[in-house]
Amino acid sequence: MTPVSSKQYTDDVSLLMVLIDTNPLFWSSTATPFSFSKFLSQVLSFLNSIILLNQLNQVVVIATGFNSCDYIYDSSLGHGNLRAETLLQKLEEFVIKDEELNKQESVDGIGSSLLSGSLSMALCYIQRVFRSGSIHPQPRILCLHGSQDGPGQYVAIMNSIFSAQRSMVPIDSCVIGSQHSAFLQQASYITGGVYLKPQQLEGLFQYLTTVFATDLHSRNFLQLPKPVGVDFRASCFCHKNTIDMGYICSVCLSIFCKHHKKCSTCGSAFGQPQTSVSTSNQKRKAPDS
């Protein structure tokens, strides 16, 4: 999978966009057996190994909070190896700033991180790299995510997924929470990335280096983990609930959990009751809103 072959470095040079879930509601929950400090120490070792693999490799870290997202680190700025103190300080500043927004609840209620925002920021950065010079590394996105899916972000996340697919940017997913992420399953499946939920978080560094450190060219020769099943269920556009069966607009393919006289997305009037369909079997198309 190559974005623009005429403008690439060699096949093994990578631009790795790493999205780190910093949601304190997730990390402070009793259901999380893995502390944030242990998680971060293993991620740091992995990021430094990426930089050491090739001097042309580039790593960008984006923090994903429950109210905002921000760029935390960019190896292209000449910082060299990433130090634990530097990343910890920047993450602490980000978390404080994120909490200072003082929203009563996150975008989708307590427990959900702003995954749609960090994906959008990563794709914007990649597009800027595409246009910045005559050559560029092969870009890919790695989501280190633990919070539960936020149904209210369904449209924004699906738009990001299809944008990544059009740009031929794979989205890798490493889920560190107790539950699988339907959004990230779809993201990795649609974009040709790798989805993995480690069974033993104490060995997270081994999972990261053996699975996600591989460049796109090397993946053609390796047997990487494949998901047993992908949850293709959609969220309805009216109540943002995940549904198995729903009503679909024949014009814009918006999905609703109940029959409506008018489509809230495109405004089309329904002269007849909409067709009830299984959302998990629908052919995917980028939502328009």
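Residues numbered from 1 in each chain as written. Predicted model: local features only at pLDDT ≥ 70, side-chain atom pairs only at ≥ 80, totals over all residues. Heavy atoms only, no water.

Novice: An account of the overall build of the protein is requested, with residue identities and associated values reported.
Specialist: Tallying secondary structure elements over the protein gives 7 helices and 11 strands in all. When burial is assessed residue by residue, the protein has 52% of its 289 residues classed as buried. Partitioning the contacts of the protein with sequence separation of at least 6, the portion at a separation of at least 24 is 69%. Surface accessibility of the protein: about 13,900 Å² in total, with carbon and sulfur atoms responsible for 51%. (Helix = DSSP H or I, 4+ residues; strand = E, 2+ residues; numbered from the N terminus. Buried < 20%, exposed > 50% of the residue type's maximum accessible area, 1.4 Å probe, protein only. Contact = heavy atoms within 4.5 Å. Areas by Shrake-Rupley, 256 points an atom, 1.4 Å probe, with all protein chains shown as cover.)

Novice: Before we move on, can you summarise unusual backbone geometry with the specific residues and values?
Specialist: At Met-168, a position not held by glycine, the phi torsion is positive, near 60°. Position of Met-168 among the secondary structure elements: in the loop between α5 (154–166) and β5 (171–175).

Novice: Could you give an account of the packing of helix α2 (residues 36–53) against helix α7 (residues 204–212), with specific residues and numbers?
Specialist: The N-to-C vectors of α2 and α7 enclose an angle of 30°; their axes lie 9 Å apart at closest approach. The angle between the axes of α2 and α7 places the two elements in the roughly parallel class. As for the relative orientation of α2 and α7, their crossing is right-handed in sense. Within the contact between the two elements, α2 uses Phe-39, Gln-42, Val-43, Ser-45, Phe-46 and Ser-49 and α7 uses Leu-204, Phe-205, Leu-208, Thr-209 and Phe-212. Residues that form the contact of α2 with α7 fall into these classes: 7 nonpolar, 4 polar and no charged. (Axes fitted to C-alpha atoms, helices over the stretch in contact; angles between N-to-C directions. Parallel < 35°, antiparallel > 145°, perpendicular 65-115°, else oblique. Left-handed = near helix turned anticlockwise from the far one by under 90°. Nonpolar A, V, L, I, M, F, W, Y, C, P; charged D, E, K, R; others polar.)

Novice: Hey, could you go over the environment of Ser-264 for me, with residue numbers and the actual values?
Specialist: Positionally, Ser-264 belongs in the loop between β10 (255–256) and β11 (275–278). Taking C-alpha positions, Ser-264 is 7.9 Å from Cys-238, a pair spaced 26 residues apart along the chain.

Novice: So what about the nonpolar core? Which residues, and what values?
Specialist: Core analysis: the largest hydrophobic core is formed by 44 residues, its most contacted members being Met-17, Leu-119, Ile-141 and Cys-143. Of the residues forming this core, the biggest block, 9 residues, is contributed by helix α4 (residues 115–132). Those residues in contact with Ile-141 that sit more than four places away from it in its chain are Met-17, Leu-19, Leu-119, Ala-122, Leu-123, Ile-126, Val-169, Pro-170, Ile-171 and Asp-172. One finds Phe-26, Leu-44, Val-194 and Phe-212 within the second-largest nonpolar core, a separate group that totals 36 residues. (Core = buried A, V, L, I, M, F, W, Y, C linked by side-chain atoms within 4.5 Å.)

Novice: Kindly report on the environment of His-145, identifying the contributing residues and their values.
Specialist: Position of His-145 among the secondary structure elements: in strand β4 (residues 138–145). On the basis of relative accessible area, His-145 is assigned to the buried category, the value being 5%. Separated by 32 residues in sequence, His-145 and Gly-177 place their C-alpha atoms 7.1 Å apart. Sequence-distant contacts of His-145, defined by excluding residues within four places in its chain, comprise Asp-21, Ser-113, Leu-115, Cys-174, Val-175, Ile-176, Gly-177 and Leu-184.

Novice: Any chance you could break down the confidence of the model for the protein for me, citing the residues and the numbers?
Specialist: Of the residues in the protein, 82% have a pLDDT of 70 or more, and the chain-wide mean is 81. Overall, residues 1–6 carries pLDDT values under 50, and its contacts beyond four positions in sequence, including any with other chains, amount to 18 contacts. Low pLDDT, under 50, characterises residues 104–110; the predicted model gives this stretch 14 contacts beyond four residues in sequence or across chains. (pLDDT = per-residue confidence, 0-100.)

Novice: Can you lay out helix α6 (residues 182–191) for me, pointing to particular residues and giving the numbers?
Specialist: Within α6, 9 of the 10 residues are buried, leaving the element largely enclosed by the surrounding structure. Those residues of α6 not exposed but buried are Ala-182, Phe-183, Leu-184, Gln-185, Gln-186, Ala-187, Ser-188, Ile-190 and Thr-191. Looking at the buried residues of α6, the elements they touch are α4, β4, α5, β5, β6 (195–196) and β7 (234–235). Phi turns positive one or two residues past the end of α6, at Gly-192, with a value near 80°.

Novice: Residues and numbers for the pairing of β5, please.
Specialist: For β5, the buried fraction is high: 5 of the 5 residues fall into the buried class. Burial along β5 is two-sided: the face carrying Ile-171, Ser-173 and Val-175 and the face carrying Asp-172 and Cys-174 are both buried. Where β4 meets β5, 5 bridges bridge the pair, whose relative direction is parallel. Among the inter-strand pairings, His-145 is bridged to a residue of β5, identified as Val-175. Relative to β6, β5 runs parallel, the two being bridged by 2 bridges. Following the sheet pairing, Ser-173 is matched in β6 by Tyr-195. Regarding topology, α6 serves as the crossover connection from β5 to the parallel β6, and that connection is right-handed. (Pairing = 2+ DSSP bridges. Right-handed = clockwise from strand over helix to strand, strands pointing away.)

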